[in-house]
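Secondary and tertiary structure notes
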Amino acid sequence: MPAWLESAVFYQIYPQSFRDANGDGIGDLRGIISRLPYLRDLGVTALWLNPCFVSPFRDAGYDVADFYRVAPRYGTNRDLRALFAAARAHGLRVILDLVAGHTSNEHPWFRESCRAERDARSDWYVWTDSVWTRSGLDQPVVAGYAARNGNYVPNFFWFQPALNYGYARPDPRRPWQQPAGAPGPRAVRAELRAIMRHWLDLGAAGFRVDMAGSLVKNDPGGRATAALWRGVRAWLDRAYPEAVLVSEWSDPAVAVPGGFHADFLLPFNKPGFTSLFRRTRPADTPYLDRSGRGRIRPFLEEFLPLLAATRGRGFLALPSGNHDAGPRLGTGRDARDLAVAFALLLTLPAVPFIYYGDEIGMRSVEGLPSKEGGYARTAVRTPMQWDASPNAGFSAAPAGRLYLPIDPAPDRPTVAAQEADPASVLQAVRRLIAVRRAHPALGAGGGFAPVLATGGRAPFVYRRTAPGEAILVALNPGGKPCTARLPRGAVAGPPRILAGEPGALRRERGGWRVRLPAIAYAVAATGR
Ligand code: GLC
Ligand code: CA
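Residues numbered from 1 in each chain as written. Chains lettered and ligands numbered in written order. Predicted model: local features only at pLDDT ≥ 70, side-chain atom pairs only at ≥ 80, totals over all residues. Heavy atoms only, no water.

Turning our attention to the site of ligand 1. Surveying the vicinity of ligand 1 reveals the residues Asp59, Tyr62, His102, Phe156, Arg208, Asp210, Met211, Glu248, His323, Asp324, Arg377 and Arg381. Contacts to ligand 1 include Arg377, whose side-chain N or O atom sits 3.0 Å from an oxygen atom. Protein coverage of the free-state accessible area of ligand 1, which is 310 Å², stands at 97%. (Near = heavy atom within 4 Å. Polar contact = N/O pair within 3.5 Å; in protein donor to acceptor, adjacent residues only side chain to side chain. Areas by Shrake-Rupley, 256 points an atom, 1.4 Å probe, with all protein chains shown as cover.)

The following block contains the structure:
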């Protein structure tokens, strides 16, 4: 386990929307380099870049056409190498997005695979053996696309053909379902490592793996896919022991034993993550809600078992948001609400990922036409809001040429305004990151024990511990003050407030009471 991951705070950059250095309206690598001082001052320690490789961009770059080359719209391989080096000079590591499960239909490998005659790539994708093989399959196929007499299996959108990692349980009646040990899948696995080696040698610190659980088909419980990744991990541990693998699997109990250093909690199949931040149905109240009706239990019921399942082997990764999940954290929340949200995100035993712009409370921009396969996701992909200059400081291009329009709201948050405002979300996030980094108990691997999670009007209180250190965190996202007596032993020594409400803990008849105003939090060192 690379030691740096335990205390890492990640920042996710959607490259096309972060900062445009050459004025063509699209964010680029030079733009990211120019904002490294901002990221260093924010205090994050690592960056995750969404795919920045050659692509027709029908799914915003998740349709890769050349895994070895930076897309010209973002710059060159040399620019990426320069970013790795400049980031390191600012104390930041950079991980890339590894789209392991599929390519673009325009990838030369797929074009070769489409030929009627057999060639070196025929078995690199999953093809049926006839265009008439369509029904009774356990996944959809695209029929009639190519000269080849067969249908291919898409992994996500139709133009993202699945690479052939084989089948865990190939159907004997369908010989086109190859076992994972067949020559095609073996060649694809070797290529995957070559791609990783290429970027690690250039200075990447690891990868966020896209749809990591999707590789081997008909794979109940993800067992064969996990075995594949364990092989990758064993190789990494030998060849690149400092590199990290973070999965978009959203099943940490499979992904972490399967070789990933961390797996994301995402709003896909489990309600817990969503229950913290997001109102998925009008009837749901997330925990972080002013009404005070939100409950922390649904989250804990999911989180605690996952923590237990991954302890000592790897981490859970907790994002403030991402390029797929709407609405943005900032939608419907003000600076105080957001400070409480970040107090939670940055003190839980998980690797925090801050989605660009969430640290200033950027909001979803609804109603935009779909961009590059974004559909509803387009709302959370608009350009970073830097300052009050034209295009919010994102780009010098005419407004009509921007990748996506800037949030038109007259009160849209910006970095510049929040730098000048001590009560801003940005300042709270900075403080919380600094506290997290200064205290090992708050790291992803530190101890975690809920102290008060009763719900109702009581604050949510938990203890984080590391050898020689104990920290108490108390949260009140609700719009009314709240108070509770703490159980014996929750506070071992005289408390020292590290962030949040200075008067949150008071002595009372031999014990301690926590008292929080409306929408408030406290992080306090409480001895050991
Ligand atoms: C992942 C990405 C998403 C992409 C999909 C297909 O879910 O996060 O943006 O569209 O995979 O690669
Ligand atoms: Ca540009």
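On we go.
Every protein donor of the calcium ion (ligand 2) is listed here as Asp20 (OD), Asn22 (OD1), Asp24 (OD), Ile26 (O) and Asp28 (OD), and their distances to the metal cover 2.3 to 2.4 Å. As a motif over one chain, the donors of the calcium ion (ligand 2) read D-x1-N-x1-D-x1-I-x1-D. By relative accessible area, Ile26 is classed as buried at 17%. The class of Asp28 is buried, set by a relative accessible area of 4%. (Donors = N, O, S within 2.8 Å, 3.2 Å for Na, K, Ca; no water. Buried < 20%, exposed > 50% of the residue type's maximum accessible area, 1.4 Å probe, protein only.)

This paragraph deals with the packing of aromatic side chains. The description of an aromatic ring pair uses the distance of the two centres, along with the angle that the planes make with each other. Within the structure shown, the criterion is met by 33 aromatic pairs. Aromatic side chains Phe157 and Phe159 sit 5.5 Å apart centroid to centroid with 40° between the ring planes, which places their arrangement in the tilted category. What makes Phe157 partly exposed here is its relative accessible area of 23%. Take Phe159: its relative accessible area is 6%, and that puts it in the buried class. Ring plane angle 85° and centroid distance 5.7 Å describe the contact between Trp158 and Phe159, whose orientation is recorded as edge-to-face. Residue class for Trp158 comes out partly exposed when judged on its relative accessible area of 39%. Through a chain of ring-to-ring contacts, the aromatic side chains of Phe110, Tyr125, Trp127, Tyr145, Tyr152, Phe156, Phe157, Trp158, Phe159 and Tyr375 assemble into a single cluster. When the ring centre of Tyr356 is taken as reference, the NZ or CZ atom of Arg328 above it lies at 4.7 Å. (Phe/Tyr/Trp six-rings, centres within 6.5 Å; stacked < 30°, edge-to-face > 60°. Lys NZ or Arg CZ within 6 Å of the ring centre and 35° of its normal.)

Segmentation of the protein chain into domains returns domain 1 (3-100 + 185-436), domain 2 (102-162) and domain 3 (447-525). Taking only C-alpha atoms into account, the centre of domain 1 sits 30 Å from that of domain 2. Facing the 24 residues of domain 1 at the interface are 18 residues of domain 2. Between domain 1 and domain 2, the buried area comes to about 1,700 Å², and carbon and sulfur atoms account for 61% of it. Per-residue buried area on domain 1 facing domain 2 is highest for Arg58, Met211 and Lys217; these three make up 29% of the total on that side. Applying the counting criterion to the domain 1 and domain 2 interface returns 0 salt bridges. Ranked by the residues each element gives to the side of domain 1 that touches domain 2, the list is headed by helix α5 (residues 183-202), at 5 residues. (Domains from an automatic or database assignment. Contact = heavy atoms within 4.5 Å. Buried area = accessible area lost by both parts, 1.4 Å probe. Salt bridge = Lys/Arg side-chain N within 4 Å of Asp/Glu carboxyl O. Helix = DSSP H or I, 4+ residues; strand = E, 2+ residues; numbered from the N terminus.)

Below, the discussion takes up the pattern of salt bridges. Under the criterion given, the structure shown has 25 salt bridges. A salt bridge links Asp66 to Arg69; the nearest nitrogen and oxygen atoms lie 3.6 Å apart. Note on Arg69: relative accessible area 44%, which makes it partly exposed. The shortest N-O distance in the salt bridge between Asp171 and Arg173 comes to 2.9 Å. Of the residues examined, Arg173 reaches a relative accessible area of 70% and is grouped as exposed. Counted as one network, the salt bridges with shared partners bring together Asp59, Asp324, Arg377 and Arg381.

On strand β14 (residues 482-485), burial follows the alternation: Cys482 and Ala484 on one face are buried, whereas Thr483 and Arg485 on the facing-out side are not. In the sheet, β14 pairs with strand β17 (residues 511-516) via 4 bridges, with the strands oriented antiparallel. Bridge pairing links Cys482 to Leu516 in β17. (Pairing = 2+ DSSP bridges.)

In this section: the nonpolar core. Counting residues in each nonpolar core, the largest one holds 150 residues, and the members touching the most others are Tyr11, Leu49 and Trp229. It is helix α10 (residues 335-345) that contributes the most residues to this core, 8 residues altogether. Residue contacts for Leu49: discarding those within four places in its chain leaves Ile13, Leu29, Ile32, Leu80, Leu83, Val94, Ile95, Leu96 and Asp97. (Core = buried A, V, L, I, M, F, W, Y, C linked by side-chain atoms within 4.5 Å.)

Below, the discussion takes up the environment of Gly361. Position of Gly361 relative to the elements: it lies in the loop between β10 (351-355) and α11 (415-419). When its relative accessible area of 5% is taken as the criterion, Gly361 is described as buried. Taking the C-alpha atoms as reference, Gly361 lies 23 Å from Leu316; in sequence the two are 45 residues apart.

In this section: the environment of Arg381. With respect to the helices, strands and loops of the structure, Arg381 is situated in the loop between β10 and α11. Under the relative-accessibility criterion, Arg381 is labelled buried at 2%. Expressed as a C-alpha distance, the spacing of Arg381 and Gly357, which sit 24 residues apart in the sequence, is 9.7 Å. Here Arg381 is in contact with Tyr14, Ser17, Ala60, His323, Asp324, Tyr355, Tyr356, Gly374 and Leu404, once residues within four sequence places are set aside. Within the local environment of Arg381, its side chain forms a polar contact with the side chain of Asp324, the two groups lying 3.3 Å apart.

The end-to-end C-alpha separation of α5 is 29 Å, in line with the 28 Å expected for 20 residues at 1.5 Å each. Within the sequence span of α5, burial applies to Gly184, Pro185, Val188, Glu191, Leu192, Ile195, Met196, Trp199, Leu200 and Leu202. Of the residues flanking the end of α5, it is Gly203, one or two places downstream, whose phi is positive at about 125°. (Expected span 1.5 Å × (residues − 1).)

This brings us to the packing of helix α3 (residues 77-89) against α5. Across the interface, α3 lies against α5 with an axial gap of 9 Å and an inter-helix angle of 55°. Looking at the two axes, α3 sits oblique to α5. Taken together, the residues of α5 that come into contact with α3 (itself represented by Asn77, Leu80, Arg81 and Phe84) are His198, Trp199 and Leu202. (Axes fitted to C-alpha atoms, helices over the stretch in contact; angles between N-to-C directions. Parallel < 35°, antiparallel > 145°, perpendicular 65-115°, else oblique.)

If you trace the 5 strands from one edge of the open sheet to the other, you get β11-β12-β13-β18-β15, paired in antiparallel fashion. For this open sheet the edge positions go to β11 (447-452) and β15 (496-500), each flanked by a neighbour on one side alone. Each adjacent strand pair in this sheet contributes to an overall mean axis angle of 20°, direction not counted. The sheet contact formed by strand β13 (residues 469-476) and strand β18 (residues 520-525) spans 6 bridges and is antiparallel. Across the sheet, residue Val473 finds its bridge partner in β18, namely Val523. Packing of helix α9 (residues 297-310) onto the sheet brings it into contact with β11 and β12 (460-466), and relative to β11 it is tilted by some 150°. Contacts from helix α12 (residues 425-438) reach β15 and β18, with the element oriented near 25° to β18.

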